[in-house]
Amino acid sequence: MVFSSFVYFQIDRIMRTSSEMAIIGLSKQVKTLYGLPQLREFHMLRDTDSLKAGPRIKPENLLIILRDTSLNITTSNTNDPELIEHSSKEIDRLFESEKDDIFSQVSIDGEPYRIYTAYFFSRNGEWGILQICQSIEIEKIVLSKLLGILLLLGFTSIAILALISWMLAKKSLEPIKESWEQQKRFIADASHELRTPLTVMKANLEIPLQEKNGTISDNYVWIKNAYDETDNMSRIVNTLLELTQIDSGQKIIEKRRINISELAEKSTSSIIPLSNEKKIKIVQDFEEELFIMGDAQKLKQLMIILLDNALKYTKEGYIDISLKKNNSSILLQVSDTGIGISQEDKKHIFERFYRADKTRSRVQGSLGLGLSIAKWIVDEHNGKLEVESEVNKGSVFRVIFPIN
Ligand code: ADP
């Protein structure tokens, strides 16, 4: 496109310059042939005699106006009032410009003209004004045709380039895509294969943990540690499996009309034992009987992810969960008085495997997948998930569900 514009403007400039040069050449001929004293003899150029004024004068295409010192027209091959009016305006412009001659382009009756206006000195020192007016319609037609061709060429080359780039990009991305697919397949297979042995291990470890005749096993602490770690691994494997199902489109949201107020109560009560253990108070404020179209299981999972995070990242203080109805939406809000999230981390927390504080998160047994799953659930419900947070003050996670 840049090349086309360059070619267009160069050709426009060349055509204009050559036409101006021709007009200046012609003006010289007229000036030499007709000094002011002879002006009166320079009659209508439309006459055959007028062709003597120069070989290049074509009366149909060129209009010549000569004026004397008082600016009265002495000779002219046109009496078009509009052209005469334009010619007077050009003389004013010549006076203002303080130049010896000027060029301008005007439109007369929708037809483009180039007007040349110059001083014209006679042999006896008197001056007058010479004006040559040339129709540049052909020039404009040629230029607009050229512009059309250049635009067509430009767009065609853009289309060809885009196609080639797309093909090259596709080809170079293929190995990356293939290895990404392989990685996803591996995670899916591995998590699937690990699930069964982990379930068996958990079930076996549960047996020695149970009290037998009122006594607990001597190795209780070690077995409990092994059980907790197995439980942790099970959760990780299940989350990975869930992600692979989301990616492959197997995870389907089943929407029904559900009472989200009841769901919020149930989800909150499921984490109360953990909050009691951590001595963190949970404040609940749910508007009753709020309904939305959604997947109850997934929405419960979303609430638990947000509450679980709030608990994980809060040492003291309280967690507040509320559910309210606005005009056209339902607002679920989970706030805490925990460690907060920095501005930089806030940009990434919804990305997979992103953990703001890697060392702390590892201790907490987290993978950095909870919020990406939460985001997926909110998106599937056409909602919006927002976060506001201040380091060492706490965080507020807000979910806005449209009411359908
Ligand atoms: P994780 O399993 O690590 O909690 P998430 O995807 O749920 O993974 O969260 C991503 C990161 O966002 C966390 O590692 C943590 O750094 C930060 N985060 C999430 N929730 C909170 C919160 N309530 N307070 C402080 N940081 C949080």
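The structure presented is a predicted model; accordingly, all values stated were derived computationally and were not measured.

### Considering the packing of helix α5 (residues 260–278) against helix α6 (residues 296–312)
Interaxial distance between α5 and α6 falls to 9 Å at its minimum, and their mutual angle equals 30°. When the axis of α5 is compared with that of α6, the two are roughly parallel. Note that α5 runs across α6; the crossing there is right-handed. Of the residues in α6, those in contact with Ile260, Leu263, Ala264, Ser267, Thr268, Ser270, Ile271, Leu274, Ser275 and Lys278 of α5 are Ala296, Leu299, Lys300, Met303, Ile304, Leu307, Asp308, Leu311 and Lys312.

### Here's the deal with the pattern of salt bridges
Summed over the entire model, instances satisfying the criterion amount to 16 salt bridges. The salt bridge involving Glu90 is made with Arg93; its shortest N-O contact spans 2.9 Å. Here Arg93 and Glu90 lie together in helix α2 (residues 81–97), a separation of three residues that amounts to about one turn. What makes Arg93 partly exposed here is its relative accessible area of 38%. A single network of salt bridges, built from pairs that share partners, joins Lys384, Glu386, Glu388 and Arg398.

### Let's talk about the pairing of strand β3 (residues 101–108)
Alternating residues of β3 divide into Ile102, Ser104, Val106 and Ile108, all buried, and Asp101, Phe103, Gln105 and Ser107, none buried. Summarising the sheet, β3 and strand β4 (residues 111–121) pair through eight bridges and their orientation is antiparallel. By the bridge assignment for β4, Ile102 is matched with Thr117. In this antiparallel pair of consecutive strands, β3 and β4, the connection spans two residues, and Asp109 shows a positive phi of 55°.

### Points about the site of the ligand
Surveying the vicinity of the ligand reveals 22 residues, the closest of which are Asn309, Tyr313, Asp336, Ser366 and Leu371. The contact in question runs from an oxygen atom of the ligand to an N or O atom on the backbone of Ala356, over 3.1 Å. Here the ligand, which alone exposes 520 Å², has 97% of that area covered by the protein. Mapping the ligand onto the cavity grids shows that it belongs to the largest pocket. Among the elements of the structure, α6, α9 (370–380) and β12 (394–402) are those that each provide at least two residues to the shell around the ligand. The biggest single contributor to the shell around the ligand is α6, with three residues. The residue makeup of the shell around the ligand, split by class, is 11 nonpolar, seven polar and four charged.

### Focus: a negative patch on the surface
On the surface, Glu262, Glu265, Glu288 and Glu289 cluster together into a negatively charged patch. Overall, Glu288 belongs to the exposed group, its relative accessible area being 62%.

### Some details on the confidence of the model for the chain
With 90% of its residues at a pLDDT of at least 70, the chain reaches an overall mean of 85. Note on residues 36–59: pLDDT is under 50 here. Beyond four places in sequence and across chains, it has 50 contacts.

### Brief notes about unusual backbone geometry
The backbone phi angle of Lys279 is positive, close to 55°, even though this residue is not glycine. Topologically, Lys279 is positioned in the loop between α5 and β7 (281–286). Looking at Lys279, the relative accessible area reads 73%, which means it is exposed.

### A word on the pairing of strand β10 (residues 329–336)
In terms of burial, β10 is largely enclosed, as seven of its eight residues are buried. With seven bridges connecting them, strand β9 (residues 318–325) and β10 associate as antiparallel partners. Residue Leu323 lies in a different strand from β10, and its bridge partner there is Leu332. In sequence, β9 turns back onto β10 through a hairpin of three residues.

### Quick word on the packing of helix α3 (residues 137–209) against helix α4 (residues 220–247)
Two numbers describe how α3 lies on α4: the axes approach to 8 Å, and their chain directions differ by 150°. The pairing of α3 with α4 is recorded here as roughly antiparallel in orientation. With respect to the hand of their crossing, α3 and α4 are arranged in left-handed fashion. By residue class, the composition of the contact of α3 with α4 is 16 nonpolar, six polar and seven charged.

### Comments concerning the layout of surface pockets
Computed from the structure, the largest pocket encloses a volume of approximately 1,400 Å³. In this structure, the largest pocket is lined by 46 residues; those nearest its centre are Arg235, Asp308, Asn309, Lys312 and Ser366. Of all elements in the fold, only α4, α5, α6, α8 (358–364), α9 and β12 reach the threshold of two or more residues within the lining of the largest pocket. Counting residues per element, the lining of the largest pocket draws most heavily on α6, which supplies nine residues. Here the residues of the lining of the largest pocket sort into 19 nonpolar, 16 polar and 11 charged.

### Regarding the sheet that holds β9
Across the sheet, five strands lie side by side as β7-β9-β10-β12-β11; this open sheet has mixed pairing. Of all strands in the sheet, those with a lone pairing partner are β7 and β11 (384–390), marking the two edges. Within this sheet the neighbouring strands show an average axis-to-axis angle of 10°, counted without direction. Its contacts with the sheet place α5 against β7, β9, β10 and β12, and it is angled at close to 175° to β7.

Criteria and thresholds
Once a new chain begins, its residue numbering starts again from 1 and follows that chain's sequence as written. Per-residue local features of the predicted model are confined to residues with pLDDT of at least 70, and side-chain atom pairs are confined, for both listing and counting, to 80 or more; whole-chain, interface and lining totals are unaffected and use all residues. The side-chain numbers reported here are obtained from all heavy atoms of the structure, hydrogens and water having been left aside. To obtain an axis, a line is fitted to C-alpha atoms, over the contacting stretch when the element is a helix, and the angle between two such axes runs from 0 to 180 degrees between their N-to-C directions. Strands are runs of DSSP state E lasting at least two residues, helices are runs of H or I lasting at least four, and both sets are numbered from the N terminus onward. Angle categories: roughly parallel below 35 degrees, roughly antiparallel above 145, roughly perpendicular from 65 to 115, and oblique for all the rest. In this scheme, a crossing is called left-handed if the near helix is turned counterclockwise away from the far one by less than a right angle; it is called right-handed if the turn is clockwise. Contact definition: two residues touch when any of their heavy atoms are within 4.5 Å. Note on definitions: salt bridges are taken to be side-chain nitrogens of Lys or Arg within 4 Å of carboxyl oxygens of Asp or Glu. Exposure classes here rest on a 1.4 Å probe applied to the protein chains alone. A residue is buried below 20% of its type maximum, exposed above 50%, and partly exposed in between. One requirement defines pairing of two strands: DSSP has to find at least two bridges between them. When at least one non-hydrogen atom of a residue lies within 4 Å of a molecule or strand, that residue is treated as near it. In the analysis that follows, any N or O atom pair within 3.5 Å is treated as a polar contact, provided that within protein one partner can donate a hydrogen and the other can accept it, and provided that, for residues neighboring in sequence, both atoms belong to side chains. We get accessible surface area from the Shrake-Rupley algorithm with a probe of 1.4 Å; when it comes to residues, only the shown protein chains can shield them. Two kinds of site are reported from a 1 Å grid over the protein atoms alone, namely cavities, where a 1.4 Å probe fits but cannot get out, and pockets, open sets with protein on both sides within 12 Å along at least five of seven lines, and residues are called lining when an atom falls within 4 Å of a point. Just a note on the criterion: a molecule sits in a pocket or cavity if more than half of its atoms are within 2 Å of the grid points. Each residue is assigned to one of three groups, with Ala, Val, Leu, Ile, Met, Phe, Trp, Tyr, Cys and Pro labelled nonpolar, Asp, Glu, Lys and Arg labelled charged, and all others, Gly among them, labelled polar. A residue counts toward a patch only above 30% relative accessible area and without a salt bridge, and it is joined to like-charged neighbours within 9 Å or, for Val, Leu, Ile, Met, Phe, Trp and Tyr, to nonpolar neighbours within 5 Å. Counting rule for charge: Lys and Arg are taken as positive, Asp and Glu as negative, and neither His nor the chain ends is counted. Throughout, a charge is located at the NZ atom of Lys, the CZ atom of Arg, the CG atom of Asp or the CD atom of Glu. On a range of 0 to 100, pLDDT expresses the predictor's confidence in each residue. Grid points are joined across faces, edges and corners, and a volume is the space filled by probe spheres set on the points.

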